[in-house]
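Examination of the molecular architecture
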Amino acid sequence: MRVGIFGGTFDPPHLGHLIAAGDAHALLALDRVLWVPASEPPHKPAASRTRPGLRMEMVEAAVAGDERFQVNNLELRRPGPSYTVDTLRELRDRWPGADLVLLLGADALRDLPTWRAPDEIIRLARLAVLSRRGDRVPGSSFAALSVPVTRIDISATEIRRRVQRGVPIRNLVPDSVRNIINRERMYLAT
Ligand code: ATP
Ligand code: MG
């Protein structure tokens, strides 16, 4: 079994994520893609963080009914910051025979040497860089598959800004996610 691991803050999940994960599923012949919301993104200010339960609910809503995708809460269950190496260890224990493929943006691949235990990460999983079709993937000291996904120009940051300014987000996030954002009055204050 080949399992893709798609980590992120997902605050909120958007169509860019869904398209990239779907392309990676097809191009890498993955059996499934596990979406793994991160518990505490160290690089984001605490005040701007949406609580994990809501990010989880939004990701569940975004992938609901799509059998290619599954949400995994193992990083949210673990206290403290999320380390990819711990996540991969847990997944390896759960599926000893599985071929784990860690899906990364090009920027993440560049930062990998600074992560906890990069050598163990690459023993536990194959790396796949989600590159924009046509983009050159930056060099790396770690071997990675390059996956030319359709990368549409949407970011969670832009979604949050639009909500804050009252600009529509319809068609940028699934309707189910938009409903949660509205219900919870998320992203209205900066
Ligand atoms: P933010 O704007 O808050 O940084 P984001 O939109 O980049 O959010 P993340 O949760 O940080 O979303 O991203 C999770 C993963 O999805 C990362 O690997 C990132 O490279 C990838 N990703 C983000 N936006 C897109 C997109 N438009 N197309 C393809 N992949 C994307
Ligand atoms: Mg980002």
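Located above this text is the structure these notes cover.
These lines cover the structure that appears in this document, whether it is placed above or below. In every chain, residue numbers begin from 1 and rise along the written sequence. Chains and ligands are labelled sequentially in the order written, the chains with letters from A and the ligands with numbers from 1. In keeping with the predicted nature of the model, local features appear solely for residues at pLDDT of at least 70, side-chain atom pairs appear and are counted solely at 80 or more, and the whole-chain, interface and lining totals rest on all residues. For the side-chain quantities, the full set of heavy atoms in the structure was used; hydrogens and water were omitted.

1. A short note on the pattern of salt bridges
Where side chains of opposite charge bring their charged atoms close, a pairing between them can arise. Any carboxyl oxygen of Asp or Glu that lies within 4 Å of a side-chain nitrogen of Lys or Arg is treated as forming a salt bridge with it. With the rule as written, the count across this model stands at 13 salt bridges. For the salt bridge of R68 with D66, the shortest nitrogen-to-oxygen distance reads 2.7 Å. Throughout, exposure labels follow a simple rule: accessible area from a 1.4 Å probe, protein chains only, divided by the maximum for the residue type, with under 20% read as buried, over 50% as exposed, and the rest as partly exposed. Taking relative accessible area as the criterion, R68 reaches 29% and is therefore assigned partly exposed. Of the charged contacts in the structure, one is a salt bridge between E158 and R162, with a shortest N-O distance of 3.1 Å. Of this pair, E158 and R162 both sit in helix α7 (residues 156-165), 4 residues apart, roughly one helical turn. Using a relative accessible area of 28% as the deciding quantity, one classes E158 as partly exposed. Per the convention used, a helix needs a DSSP run of H or I reaching at least four residues, while a strand needs a run of E reaching at least two, with both numbered from the N terminus.

2. Topic: helix α1 (residues 15-27)
Between its terminal C-alpha atoms α1 stretches 18 Å, which fits the 18 Å expected from 13 residues at 1.5 Å a residue. Regarding α1, the residues found buried are G16, H17, L18, A20, A21, G22, D23, A24 and H25. A positive backbone phi angle near 50 degrees is found at A29, which sits one or two residues after α1. Each residue after the first adds 1.5 Å to the expected span of a helix.

Interpretation in functional terms is not warranted from these geometric data alone.
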